[in-house]
Amino acid sequence: MPFIDPELGHLTVINLFKTDAPERVDTLVREMRSIVDTADFPGWISSTVHRGQQKMGTANFIQWRGKQDLESRYDGAEFKHRTVPVFHEITTFIRLMQTEVESAQRHPALGDATELSPDRDDYTVIEVLGVAPGDQKSLIETVGAAHSWLVDVPGYRSQSVLRGVRSRGTEDGSLTAFGKDNDFVVVYSQWDGREAFEAYRNLPEAEQSAARRAGRAKRDALITAADWNSYRVVHTRSAPQPVTA
């Protein structure tokens, strides 16, 4: 199973898709599963398909050996002329985000690794925070500081903070890189369930710890945009590991 760990050094690609009908979510999941099940790309490590819960859409959490391997995949004829057009046809929004894991923390009772698996019952939340150039490091530090108090929040399982490297979307059916003024940070968290997450998210400010209030104020002052959705992992596959003597 895939794990989130900054020590692994993977290039992590998080592909977000939005759509406008439940049947299109089904189609998205089928298409993503098909790609994952036949993946055999140089440098590809793993892919984990997430189905949207709060909003209609999907996410694919993909680990690569490095940027060159990913760019070779993007430059391939199959990706350009089959994969992109299919997803463009059934989505209302596509964002392909290259990231690097900056930190990953779990509740102490959950061991040393943040695991992604359809066999788990995690209520997963992926939040994308826009940030002005020059403020990305400060935002990463601000969000990561929450690790000191999140462990005391009922229902909290894990939180990983990923630094945005590059982001792409689609324009006229083709893949287009966003400008450098679109720096971002991704926060990937796991919870016991929707009730636990909503209780945390909606806790009145007067009942929040001083550290949380201060962190939230600094975060809100740094971000230029915020978007999130909740997910359930529905499929994953990793590249075969080489046999060692």
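Our structure is the block above this text.
Residues numbered from 1 in each chain as written. Predicted model: local features only at pLDDT ≥ 70, side-chain atom pairs only at ≥ 80, totals over all residues. Heavy atoms only, no water.

1. So, the overall build of the protein
Consideration 1: The secondary structure content of the protein amounts to seven helices and 11 strands.
Consideration 2: Counting only C-alpha atoms, the protein reaches 55 × 45 × 35 Å along its principal axes.
Consideration 3: Taken over 245 residues, the protein has a buried fraction of 49%.
Consideration 4: For the protein, long-range pairs separated by at least 24 residues make up 82% of all intrachain contacts whose partners lie at least 6 apart in sequence.
Consideration 5: Accessible surface, the protein: about 12,200 Å² in total, of which carbon and sulfur atoms supply 49%. (Helix = DSSP H or I, 4+ residues; strand = E, 2+ residues; numbered from the N terminus. Buried < 20%, exposed > 50% of the residue type's maximum accessible area, 1.4 Å probe, protein only. Contact = heavy atoms within 4.5 Å. Areas by Shrake-Rupley, 256 points an atom, 1.4 Å probe, with all protein chains shown as cover.)

2. Looking at helix α7 (residues 210-222)
Consideration 1: Relative to the 18 Å expected for 13 residues at 1.5 Å per residue, α7 spans 19 Å between its end C-alpha atoms, a close match to the ideal helical length.
Consideration 2: Next to the buried residues of α7 lie β7 (123-131), α4 (136-144), α5 (147-150), α6 (194-201) and β11 (223-238). (Expected span 1.5 Å × (residues − 1).)

3. Details of the layout of surface pockets
Consideration 1: Taken as a whole, the largest pocket holds about 470 Å³ of empty space.
Consideration 2: In this structure, the largest pocket is lined by 24 residues; those nearest its centre are W149, Q159, Y200, R216 and R219.
Consideration 3: Of all the secondary structure elements, the ones that give two or more residues to the lining of the largest pocket are β7, α4, α5, β10 (183-191), α6 and α7.
Consideration 4: When residues of the lining of the largest pocket are assigned to their parent elements, the largest contribution, five residues, is made by α7.
Consideration 5: Classifying every residue of the lining of the largest pocket gives 13 nonpolar, six polar and five charged. (1 Å grid on protein atoms, 1.4 Å probe; cavity = no way out; pocket = protein on both sides within 12 Å on 5 of 7 lines; lining within 4 Å. Points joined across faces, edges and corners; volume = space filled by probe spheres on them. Nonpolar A, V, L, I, M, F, W, Y, C, P; charged D, E, K, R; others polar.)

4. Quick look at helix α3 (residues 77-90)
Consideration 1: Over its 14 residues, α3 extends 20 Å from the first C-alpha to the last, a length consistent with the 20 Å expected when each residue adds 1.5 Å.
Consideration 2: A maximum bend of about 30° is found in α3 at T83, where proline P85 lies one to four positions downstream. (Bend = angle between axes of the 7 residues up to and from the residue.)

5. A short note on the nonpolar core
One recurring pattern in soluble globular proteins: nonpolar side chains tend to sit buried together.
Consideration 1: One finds F17, W64 and F87 to be the most contacted residues of the largest nonpolar core, which totals 21 residues.
Consideration 2: Of all elements in the fold, only β2 (11-18), α1 (22-38), β3 (44-52), β4 (57-64), α2 (67-75), α3 and β5 (93-106) reach the threshold of two or more residues within this core.
Consideration 3: Setting aside its immediate chain neighbours within four residues, F87 contacts F17, L28, E31, M32, I35 and I94.
Consideration 4: Ranked by size, the runner-up nonpolar core spans 17 residues in total, among them I4, F61, M97 and V186. (Core = buried A, V, L, I, M, F, W, Y, C linked by side-chain atoms within 4.5 Å.)

6. Description of the pairing of β5
Consideration 1: With 11 of 14 residues buried, β5 is to be regarded as a mostly interior element.
Consideration 2: Note: β2 against β5, seven bridges, orientation antiparallel. Along β5, the bridge assignment pairs I14 with M97. (Pairing = 2+ DSSP bridges.)

7. Remarks on the environment of A214
Consideration 1: You can see A214 is positioned in helix α7.
Consideration 2: You can call A214 partly exposed: its relative accessible area is 48%.
Consideration 3: Once the C-alpha coordinates of A214 and R51 are considered, the two residues, 163 residues apart in sequence, prove to be 33 Å apart.

8. Concerning the packing of aromatic side chains
Consideration 1: This model, assessed by the stated rule, comprises 11 aromatic pairs.
Consideration 2: An aromatic cluster is built from Y123, W149, Y156, W191, F197, Y200 and W228, whose rings are joined through pairwise contacts.
Consideration 3: Residue placement shows K18 over the ring face of F93; its charged tip is 4.7 Å from the ring centre.
Consideration 4: Here R95 stacks its cationic end above the ring of F184, 4.9 Å away from the centre of that ring. (Phe/Tyr/Trp six-rings, centres within 6.5 Å; stacked < 30°, edge-to-face > 60°. Lys NZ or Arg CZ within 6 Å of the ring centre and 35° of its normal.)

9. Things to note about a nonpolar patch on the surface
Consideration 1: A cluster of nonpolar residues, M1, F3 and L8, forms a patch on the protein surface that exposes about 270 Å² of accessible area.
Consideration 2: As for its placement among the helices and strands, F3 is situated in strand β1 (residues 3-4).
Consideration 3: Residue F3 is classed as partly exposed on the basis of its relative accessible area of 35%. (Patch = residues over 30% accessible without salt bridge, like charges linked within 9 Å, V, L, I, M, F, W, Y side chains within 5 Å. Salt bridge = Lys/Arg side-chain N within 4 Å of Asp/Glu carboxyl O.)

10. Some details on the pairing of β3
Consideration 1: Of all nine residues that make up β3, seven are buried, and the element is covered over most of its length.
Consideration 2: Where β3 meets β4, seven bridges bridge the pair, whose relative direction is antiparallel. Within β4, the position partnered with H50 by the bridge is A59.
Consideration 3: Counted along the chain from β3 to the antiparallel partner β4, the turn is four residues long.

11. Observations concerning the packing of α1 against α3
Consideration 1: Closest axis-to-axis distance for the α1/α3 pair is 10 Å, and the angle between their directions is 165°. It follows from the interaxial angle that α1 and α3 lie roughly antiparallel. Handedness of the α1/α3 crossing: left-handed. On α3, the residues touching R24, T27, L28, E31, M32 and I35 of α1 are R82, T83, V86, F87, E89 and I90.
Consideration 2: Here the contact of α1 with α3 is composed, by residue class, of six nonpolar, two polar and four charged. (Axes fitted to C-alpha atoms, helices over the stretch in contact; angles between N-to-C directions. Parallel < 35°, antiparallel > 145°, perpendicular 65-115°, else oblique. Left-handed = near helix turned anticlockwise from the far one by under 90°.)

So yeah, pure geometry; function would need other evidence.
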